[in-house]
Amino acid sequence: MTRVGVRRSRRLGRGMSRLVPLAAVATAGALLLSACGSGSGSGGNSKSLTFWISTVPGQDAGWKKLVTQYKKEEGVSVKLVNIPYDGYTTKLHNAAQANSLPDVAAVPSLDPIWSGKLIDLKSISENKTNKINTNFIAKDDSGKVLAIPSDVTASGLYINKSLFERAGVAFPTSPQKTWTWTDFIKAANTVREKTGAKYSLTFDQSPSRLRAMVYEMGGKYVHADDSGKFSVDDATKKAVKTFVGWNDDKTMPKSVWTSGADPSAMFQSGDVVAYWSGVWQVASFAESIKKFDWASVPTPAQPVQASDVNSGGMMVGFNNNGAAATAAKKFLNWVYDPKQYTQLVESSGFLPVESGLNPKYPFTSAAAQAAFKLYNQEIPLYAPISGYFNNAQTQWALKGKSLTEDPTKTELGKAINGQQSSDKALENIVAGYNQQVGGAS
């Protein structure tokens, strides 16, 4: 239920995805979530902690290595409990009510019922040695750091490298010298025309993917003011109008955003020049694409270097009792030390929330190796707007709200079909946001 097969959005319930574990690339699609430990446990002590996660077997490889190492180095036992996704949030909720929370957990989202029991991780997030990207941490209104991502995920631009080379069209390889969306679309259209490809671009039917493009074009997409009221700025209106215009069944197929056609399958067929999706596609493409050469290329900046960055998972510590809370914070501080954190990133196939690392991923695919290198260079360059939606979801959760149904896909589908203007679509999207998560309380 992760990268190969089912997206991690279903596992985390947050509309986001992450990379498949490197050790399980070939088999993850066939695996089901299962527990790797028994019992729940909570309220440990200075020498024994309980750590809850929810993932497929294989993706826990990095965590298993770290808890074993921590026992050897610090003499503290960390019991790793892998809980099936379908019951994870309920189990956390019930544990809070029963006062039996674990000491440490990797959680999909925050819950008001237990958010008040969290340890402040500010000292870890501000530790200069760690170089944690603070754009992506979760804070409350007081500035308390409630959670730090275990890893991050963002949008990624993939090209059919074989088609670009056949057409003799150049493309950037460094995020320091990237292209604009205008330049990219011009290049992709040229490749399509010269090679006879069917479309220039496929684009996930995803609010996250659209937000990333809008941010890069200088907009804020649907953004709340201090009172919690949502609106859109002029740059967003311009970007969305541009996006709708691309859906002309030449540059982009209308069928993806209007009727749910599969953009990944279109790209993998070899008949599409480029694909705007999530960075988690790397592991899947490394295994599945055999008929042409593909490459990850720098995301466009017009003029903003940005993306829509989400947490792969959120690391939290629970304040169960004095000794356990102190030990939990010490363990988390140890995890985010660059030495240990690099091991976790390499073993689990994570994109790090820390900058300055040089993880060595055991991919056999040269394209995958190059993609990971690119994203590790790119993410630290992203503007703070890149973490807006991820942080907004935290604030909504703390207030007991959630965006149950993002109207973006439906409303923009109508605009692409010619049923309404892009401005009217945005008006309806704003109304949906205000209804579901608007307001200060």
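Structure: above.
Computed from a predicted model, the values in this text were never measured in an experiment. Numbering of residues starts from 1 in each chain and follows the order in which that chain's sequence is written. This being a predicted model, a pLDDT of at least 70 is required before a residue's local features are given, and a value of 80 or more before pairs of side-chain atoms are given or counted; all residues contribute to the totals for chains, interfaces and linings. Values reported for side chains reflect all heavy atoms of the structure, with hydrogen atoms and water molecules removed beforehand.

### A look at the overall build of the chain
Working step 1: Numbering goes from the N terminus for both helices and strands, where a helix is a DSSP run of H or I of at least four residues and a strand is a run of E of at least two. Counting its regular elements, the chain contains 18 helices and 12 strands.
Working step 2: Considering only residue pairs separated by 6 or more positions, the chain has 75% of its internal contacts joining residues 24 or more positions apart.
Working step 3: Note on areas: these come from Shrake-Rupley sampling with a 1.4 Å probe, and a residue is covered only by the protein chains present in the view. In the form shown here, the chain has an accessible surface area of approximately 17100 Å², with 48% of it arising from carbon and sulfur atoms. Any two residues whose heavy atoms approach within 4.5 Å at even a single point are treated as in contact.

### A look at the sheet that holds strand β3 (residues 104-107)
Working step 1: Paired strands are those between which DSSP finds at least two bridges. Read from one edge to the other, the open sheet built from 6 strands follows the order β2-β1-β3-β12-β5-β4, with strand pairing classed as mixed. In this open sheet, the two strands that pair with only one neighbour each are β2 (77-82) and β4 (138-139).
Working step 2: Relative to strand β12 (residues 310-317), β3 is paired through 4 bridges, and the arrangement is antiparallel. Considered in β12, the bridge of V104 is made with G317.
Working step 3: This element, helix α2 (residues 61-74), spans β1 (48-53), β2, β5 (145-153) and β12 of the sheet and lies at about 160° to β2. To obtain an axis, a line is fitted to C-alpha atoms, over the contacting stretch when the element is a helix, and the angle between two such axes runs from 0 to 180 degrees between their N-to-C directions.

### As for the sheet that holds strand β11 (residues 294-297)
Working step 1: A sheet is described by the order of its strands in space; here 4 strands give the open sequence β7-β10-β6-β11, paired in mixed fashion. Strand pairing shows two members of the sheet lacking a second neighbour, β7 (199-203) and β11, which therefore form its edges. Neighbour-to-neighbour, the strand axes of the sheet open up by a mean angle of 25°, direction not taken into account.
Working step 2: Relative to the sheet, helix α8 (residues 207-216) contacts β6 (155-160), β7 and β10 (272-278), its axis offset from that of β10 by approximately 100°.

### Some points on the pattern of salt bridges
Working step 1: A side-chain nitrogen of Lys or Arg and a carboxyl oxygen of Asp or Glu constitute a salt bridge if their distance falls within 4 Å. The full count for this structure, using the stated rule, is 7 salt bridges.
Working step 2: Two residues, K414 and E411, come together in a salt bridge whose shortest N-O distance is 3.7 Å. One end of the pair, K414, and the other, E411, are both in helix α17 (residues 408-416), 3 residues apart, so they sit about a helical turn from each other.
Working step 3: K414 gets classed as partly exposed once you look at its relative accessible area, which sits at 32%.
Working step 4: Here the term buried applies to any residue with accessible area under 20% of the maximum for its type, exposed to any over 50%, and partly exposed to those in between, with areas from a 1.4 Å probe on protein chains only. A residue is classified by how much of its surface remains accessible, and E411, at 10% relative accessible area, is buried.
Working step 5: Several salt bridges converge on common partners, so that one network encompasses R211, D308 and D406.

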